[in-house]
Amino acid sequence: MKDTRSGSQVLYGFLPQQTGDLRGGIYRTTEWRDPRPVDVDDAIIRRRLMDQLNGWANHGDATGITASLRRGGPLEVVEVNSDRGVRVERFPNVYVCRKCRTVEDRLDRPCPNCGTTRQWDQLHFVAYHECGYLEAPVIPRCPTHQLSRMPYQKSMDASRIRFECPTCKNLIRQGMMPRKCPCGRSWGTRRNGTMLVYNVHRASTVYAPQTFTLINPRSRKRMAEVTDAGGPRRALSWAISGFHTRKPGSDQHTSTSTISQLLEMGFDRQTAERMAAVAADAGALAPEDNIGALANAPTDRIEVAEREAVDIALATIESRVLVEDLIRPETPTHARRTYETEYPSAIDRAGFSGIDLIDRFPILRAAYGYTRGGLEPGKTRLNLFSGRRGTRIYADPQDSEALMFRLNPLRVHDWLASRGHSLTPAADETEARATLAASITVPDRFTDEPQASPVGRDLVELVHTYAHRVIRNLSVFAGVDRESLGEYLVPSHGVFFVYAATRGDFVLGGVQAVFENDLHHFLNTMLSAETRCPLDPACRRHGGACQACLHLGEPVCDRFNHYLDRATLFGPSGYLAAPHHDR
């Protein structure tokens, strides 16, 4: 059959072994036909995938693939081929007669009970196991008449489904047939963990894609620009200094940035250090970049800060529009007053040091596997995708529009200190950025919140909560559904991006319109909008975040709606509370 979906819809709704609704029927995706390779930096996406797999490897899953990736094992990234599409098959092949509710496994014959033809509804239930196994439900039949009828029921609870004989009216059984998974293993703490579980095919427990997002410029030229500018260390210096230039590398190279550049070009470290020393002796290099307190931080923290700085550089290197760029000679007087006075005032009140427009935001959404029965490592098995060459990642690369929100580092520093965290005092924004990056271990999305480093947990909670607050309000001003927006968090530098999802090659343009015309109205509304939850006090007592106030759908939120709390922003000691807000 033929139908049309966008790249994002295919990525989240038609991955291999995923079931979906198409034209009134239920189908299972068997393969993406001749997918096209995506041009992506191998080192960056390999490192991101290994970061994702670490959460599973810590529980004894995916250890072999992780080791293979470290050794340089094959990895391919593909996108849907719009000319070839994806191949699907009807599943499950279990049908219910609309007239008499008799259950059959074929569509090409009349109902054996009432004789009605072409009046079948497909059964929505499937059987699955945490190992990844999926099968159609086995229907119990009357031993005498070999028929089965399933009376209509409102509940989606499979244990309440009744099977009766339409001829003798006897109850055959209540509930689906108990069946043991062929794998014979129990993957979690579920009672009778070797048995199959029945649920509606679209339930998140039946199929949960494992995804991540990545900054990925379409042009290798843009990647080379960051390398030529001095690599990760120069990008880090640029971020610590407050993104004071359009892009990193506007200044003369240092010894460290030269070594980073040579390493990116393939030279070994010893050779790179010798070449940098020759350049330094010749007076061709500038003094070392000052990264403040971060210079004495553990190596792993410096590497994380460098990687996140490179992310920001790659996201902004092609297009970055500042508020002051909106002021041109032909700008009307009233608009100039808005840009010069009202915009900066609203940005400061909202606790930001700046908000920039990225009108060509190079985001790549990727899926590397799926789970059944849950999302947590140790309670279910990760099923990785594989292709012709080895491990496969299915992706949807987009050039979208985004807003880059930069939290005021001094306010963040003071807010964290007010929560009891011991931080080195900071005299200005540069020192505050360096201190924050040096002091924080950012938890990944698989880290249990109680186990995360306290200061890292608080910072991620602040950045993540603010991003969700922005999305829920920005969607109204941009005129789009909130599920059509996405977030990209860079917590080490107090930055987050909110971007618009695309449909085909079309970008809505609503985000850009807000930036150019209504940024101050949007920020003021976001600050003054209701901060309570309709489900309070229950929501406040159980984490301060729920579907009614902060939660967003999976395509929007990469962190499973963890690390969210309204009190982080608006509580008595929240980031936007009066003592900080008036400072």
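Residues numbered from 1 in each chain as written. Predicted model: local features only at pLDDT ≥ 70, side-chain atom pairs only at ≥ 80, totals over all residues. Heavy atoms only, no water.

Trainee: Got a sec to walk through the sheet that holds strand E8 (residues 120-122)? Specific residues and values, please.
Mentor: Read across the open sheet, the three strands follow the order E7-E6-E8; overall the sheet is antiparallel. With partners counted over all chains shown, the strands left at the sheet margins are strand E7 (103-104) and E8, one partner each. With two bridges connecting them, strand E6 (residues 95-97) and E7 associate as antiparallel partners. Opposite Val96, over in E7, you have Val103 as the bridge partner. (Pairing = 2+ DSSP bridges. Helix = DSSP H or I, 4+ residues; strand = E, 2+ residues; numbered from the N terminus.)

Trainee: For the sheet that holds strand E5 (residues 86-90), give the residues involved together with the corresponding values.
Mentor: Spatial strand order, E1-E2-E5: three strands in an open sheet with antiparallel pairing. Each edge of the open sheet carries a strand with a single partner, namely strand E1 (19-22) and E5. Adjacent strand axes in the sheet meet at a mean angle of 50°, parallel and antiparallel pairs treated alike. By the bridge criterion, four bridges tie E1 to strand E2 (residues 25-32) in an arrangement that is antiparallel. Pairing of Asp21 across the sheet is with Ile26, part of E2. (Axes fitted to C-alpha atoms, helices over the stretch in contact; angles between N-to-C directions.)

Trainee: So what's going on with a nonpolar patch on the surface? Residues and values would help.
Mentor: Taken together, the side chains of Met265, Phe267 and Met275 define a hydrophobic patch exposed on the protein surface, amounting to about 280 Å² of accessible area. If you trace the backbone, Met275 turns up in helix H7 (residues 269-281). (Patch = residues over 30% accessible without salt bridge, like charges linked within 9 Å, V, L, I, M, F, W, Y side chains within 5 Å. Areas by Shrake-Rupley, 256 points an atom, 1.4 Å probe, with all protein chains shown as cover. Salt bridge = Lys/Arg side-chain N within 4 Å of Asp/Glu carboxyl O.)

Trainee: Please provide a residue-by-residue account of unusual backbone geometry, values included.
Mentor: Leave glycine aside and you will find that most residues have negative phi; peptide bonds, for their part, are mostly trans. For the bond from Phe91 to Pro92, the omega torsion is 0°, close enough to zero to count as cis. In this structure, Pro92 sits in the loop between E5 and E6. The peptide bond linking Asp536 to Pro537 adopts the cis configuration, its omega dihedral lying at 5°. Looking at where Pro537 falls in the secondary structure, it is placed in the loop between helix H13 (510-528) and helix H14 (538-541). You will see that Arg118, though not glycine, has its phi angle at about 55°, which is positive. Counting through the fold element by element, Arg118 comes out in the loop between E7 and E8.

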